[in-house]
Amino acid sequence: MPMKKTSEIIWQDTQHQLLFELIDQLKENQIDPGIFAKLNSYAENHFSLEEEYMRVLNYPDAEEHIEAHNKFRTELEIMVAEQHTYDENLRRSLSLFLTEWLTRHVLGIDKDFERFVMESEYK
Ligand SMILES: [Fe+2]
Ligand SMILES: [Fe+2]
């Protein structure tokens, strides 16, 4: 497994950065036609890595956490399926969706998980 620095887990932090960047772009009204591809790859790579750690470390709250990831995956799929053009409405709902995710998940239960990993044998 990748090494981490002392204050946070490097891979998790680096991958979360991508989300911060995407939200910044959305807020600055930058239209990125590749945003769904980036979000898909974020969801695929990042969630599966977190989930892999949860399995290896027998994380007690894994089920609830994976459920939240799956909800994100589903909502993203719906947004991709419904998108016809990247317009102001889509930009706004995507911005809202990701900001909520950031607050509730990345700064919420991901932090709990981070603390658990820090206390584990993989710290
Ligand atoms: Fe995360
Ligand atoms: Fe997570």
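Further up the page is the structure itself.
Here's what I pulled together on the structure shown here.

Rules used in this analysis
- Residues numbered from 1 in each chain as written.
- Chains lettered and ligands numbered in written order.
- Predicted model: local features only at pLDDT ≥ 70, side-chain atom pairs only at ≥ 80, totals over all residues.
- Heavy atoms only, no water.
- Helix = DSSP H or I, 4+ residues; strand = E, 2+ residues; numbered from the N terminus.
- Rg over C-alpha atoms; globule rule 2.2 N^0.38 Å.
- Buried < 20%, exposed > 50% of the residue type's maximum accessible area, 1.4 Å probe, protein only.
- Contact = heavy atoms within 4.5 Å.
- Areas by Shrake-Rupley, 256 points an atom, 1.4 Å probe, with all protein chains shown as cover.
- Donors = N, O, S within 2.8 Å, 3.2 Å for Na, K, Ca; no water.
- Axes fitted to C-alpha atoms, helices over the stretch in contact; angles between N-to-C directions.
- Parallel < 35°, antiparallel > 145°, perpendicular 65-115°, else oblique.
- Left-handed = near helix turned anticlockwise from the far one by under 90°.
- Nonpolar A, V, L, I, M, F, W, Y, C, P; charged D, E, K, R; others polar.
- Core = buried A, V, L, I, M, F, W, Y, C linked by side-chain atoms within 4.5 Å.
- Phe/Tyr/Trp six-rings, centres within 6.5 Å; stacked < 30°, edge-to-face > 60°.

Before going further, it helps to spend a moment on the overall build of the protein. Looking only at helices and strands, one finds 4 helices and 0 strands in the protein. For 123 residues, the compact-globule estimate of 2.2 N^0.38 gives 14 Å, and the protein sits close to it at 15 Å. The buried share of the protein, reckoned over its 123 residues, is 38%. Taking the intrachain contacts of the protein between residues at least 6 apart in sequence as the baseline, contacts between residues at least 24 apart amount to 79%. Surface exposure of the protein reaches about 7300 Å², of which carbon and sulfur atoms provide 51%.

Protein coordination at the iron ion (ligand 1) comes from His-16 (NE2), His-46 (NE2), Glu-50 (OE) and Asp-110 (OD), with a distance range of 2.0 to 2.2 Å. Between consecutive donor residues of the iron ion (ligand 1), the sequence gaps follow H-x29-H-x3-E-x59-D.

Bringing the coordination of the iron ion (ligand 2) into the picture now. Those donors, Glu-50 (OE), His-65 (NE2), His-69 (NE2), His-105 (NE2) and Asp-110 (OD), are the protein atoms that reach the iron ion (ligand 2), and they lie 2.1 to 2.2 Å from it. A distance of 3.4 Å spans the gap from the iron ion (ligand 2) to the iron ion (ligand 1), which Glu-50 bridges by coordinating each metal. Here His-65 is found in helix α3 (residues 62-82), whereas its partner Asp-110 is found in helix α4 (residues 88-118), with 45 residues between them in sequence. Both residues of the pair, His-65 and Asp-110, count as buried.

Okay, the packing of α3 against α4 next. Between α3 and α4, whose axes approach to 11 Å, the crossing angle comes to 165°. On the basis of the axis angle, α3 is roughly antiparallel to α4. Crossing of α3 against α4: the hand is left-handed. In contact with His-65, Ala-68, His-69, Phe-72, Glu-75, Leu-76 and Met-79 of α3, α4 contributes Ser-93, Leu-94, Phe-97, Leu-98, Trp-101, His-105, Ile-109, Asp-110 and Phe-113. Classifying every residue of the contact of α3 with α4 gives 10 nonpolar, 4 polar and 2 charged.

Here we come to the nonpolar core. One finds Leu-19, Ile-35, Leu-39, Phe-72, Leu-94 and Leu-98 to be the most contacted residues of the largest nonpolar core, which totals 21 residues. Elements with a minimum of two residues in this core: α1 (10-27), α2 (35-56), α3 and α4. Per-element accounting of this core gives the leading share, 7 residues, to α4.

The geometry of an aromatic ring pair is captured by two quantities: the separation of the ring centres and the angle between the planes. This structure, assessed with the given rule, holds 9 aromatic pairs. Between Phe-47 and Trp-101, the ring centres sit 5.7 Å apart and the planes meet at 50°, which makes this aromatic pair tilted. You can see Phe-47 sitting in helix α2 and its partner Trp-101 sitting in helix α4, a full 54 residues away along the chain. Here Phe-47 and Trp-101 have matching classes, each one buried. Seen from their ring centres, Phe-72 and Trp-101 are 4.6 Å apart, and the 55° between their planes marks the pair as tilted. In this pair, Phe-72 is assigned in helix α3 and Trp-101 in helix α4, connecting sequence segments 29 residues apart. Joined through ring pairs, the aromatic side chains of Tyr-42, Phe-47, Phe-72, Phe-97 and Trp-101 make up one cluster.

Inspection of the secondary structure puts Leu-96 in helix α4. With a relative accessible area of 55%, Leu-96 lands in the exposed category.

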